[in-house]
Amino acid sequence: MSSAGEAACSYAALILYDDGIPITAEKIATIVKAANVSVESYWPSLFAKLFEKCNIEDLITNVGAAGAGAPVAAAAPVAAAGGGGAAAPPPAEEKKKEEPEEESDDDMGFGLFD
C-alpha cells in the first residue's frame, strides 16, 4: 500500500506544480482524498518538505540521467545543516564512453553456418 501512497502523493505534487500552486501537505492531502486514495498520514507532509528543498522541474528533466538522484539527496541534508548558506555545486558531467564497433563475421574468414 505504501507504493500506491507514494505514487498518489507524487502525482498530486506534479498536479500542483503544473498548475503553479505552491505544494503544501494540505493541498497534497486534498488531491489524494479527492482521488479516493488512502495514504498514510505522514506521506503528504514528507512530499511537501521534499519539494520545498528540491525543484520539481530539475527532477523531471534529470529522471534519466545516471546518478541524478544522488546529488539531490546528498545536497538536502547539507543545506539543512549549513543553515541555507551557499547552494551545492552542480554535479560534474560524465564523459561518454566510446563503444568499440562490433566486428563482423566476414573479417574472421568464416561464418556461423560454413
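In case you missed it, the structure is sitting above this.
Participant: Mind laying out the nonpolar core, listing which residues take part and the relevant values?
Facilitator: If you look at the biggest cluster of nonpolar residues, it comprises 13 residues, and the most contacted ones within it are Cys9, Ala13, Ile23, Ile28, Val32, Phe47 and Phe51. Where this core is concerned, the elements lending two or more residues are α1 (2–19), α2 (25–34) and α3 (43–53). At five residues, α1 tops the list of elements feeding residues into this core.

Participant: Can you tell me about the packing of aromatic side chains, naming the residues and giving the values?
Facilitator: For the coordinates displayed, the defined rule picks out three aromatic pairs. With centroids separated by 6.0 Å and ring planes inclined at 50 degrees, the aromatic side chains of Trp43 and Phe47 adopt a geometry described as tilted. A residue pair is termed a helical-turn pair when its members lie 3 or 4 positions apart in one helix, as Trp43 and Phe47 do in helix α3 at four residues. Accessibility classification places Trp43 together with Phe47 in one group, the buried group. Where Phe47 meets Phe51, the ring centres are 6.2 Å apart and the plane angle is 40 degrees; that geometry is what we call tilted. Of this pair, Phe47 and Phe51 are both found in helix α3, four residues apart, which corresponds to roughly one turn of the helix. Accessibility expressed as a relative area gives 11% for Phe47, which makes it buried. Through successive ring pairs, a cluster of aromatic residues spans Tyr42, Trp43, Phe47 and Phe51.

Participant: How would you summarise the environment of Phe47 if you had to cite specific residues and measurements?
Facilitator: C-alpha separation for the pair Phe47 and Ala12, spaced 35 residues apart in sequence, amounts to 9.6 Å. Once you skip the residues sitting within four places of it in the chain, Phe47 turns out to touch Glu6, Cys9, Ser10 and Ile28.

Participant: Account for α3, naming residues and giving values.
Facilitator: Note on helix geometry: an α-helix contains 3.6 residues per turn, so any two residues three or four positions apart are oriented the same way. Buried residues of α3: Trp43, Pro44, Phe47, Ala48 and Phe51, and no others. Along the long axis of α3, the arc covered by the buried residues comes to 130 degrees, so they all point the same way. Of the exposed residues in α3, the ones pointing more than 90 degrees away from its buried face are Lys49, Glu52 and Lys53.

How each quantity is defined
Residues numbered from 1 in each chain as written. Predicted model: local features only at pLDDT ≥ 70, side-chain atom pairs only at ≥ 80, totals over all residues. Heavy atoms only, no water. Core = buried A, V, L, I, M, F, W, Y, C linked by side-chain atoms within 4.5 Å. Buried < 20%, exposed > 50% of the residue type's maximum accessible area, 1.4 Å probe, protein only. Helix = DSSP H or I, 4+ residues; strand = E, 2+ residues; numbered from the N terminus. Phe/Tyr/Trp six-rings, centres within 6.5 Å; stacked < 30°, edge-to-face > 60°. Contact = heavy atoms within 4.5 Å. Arc of directions from axis to C-beta.

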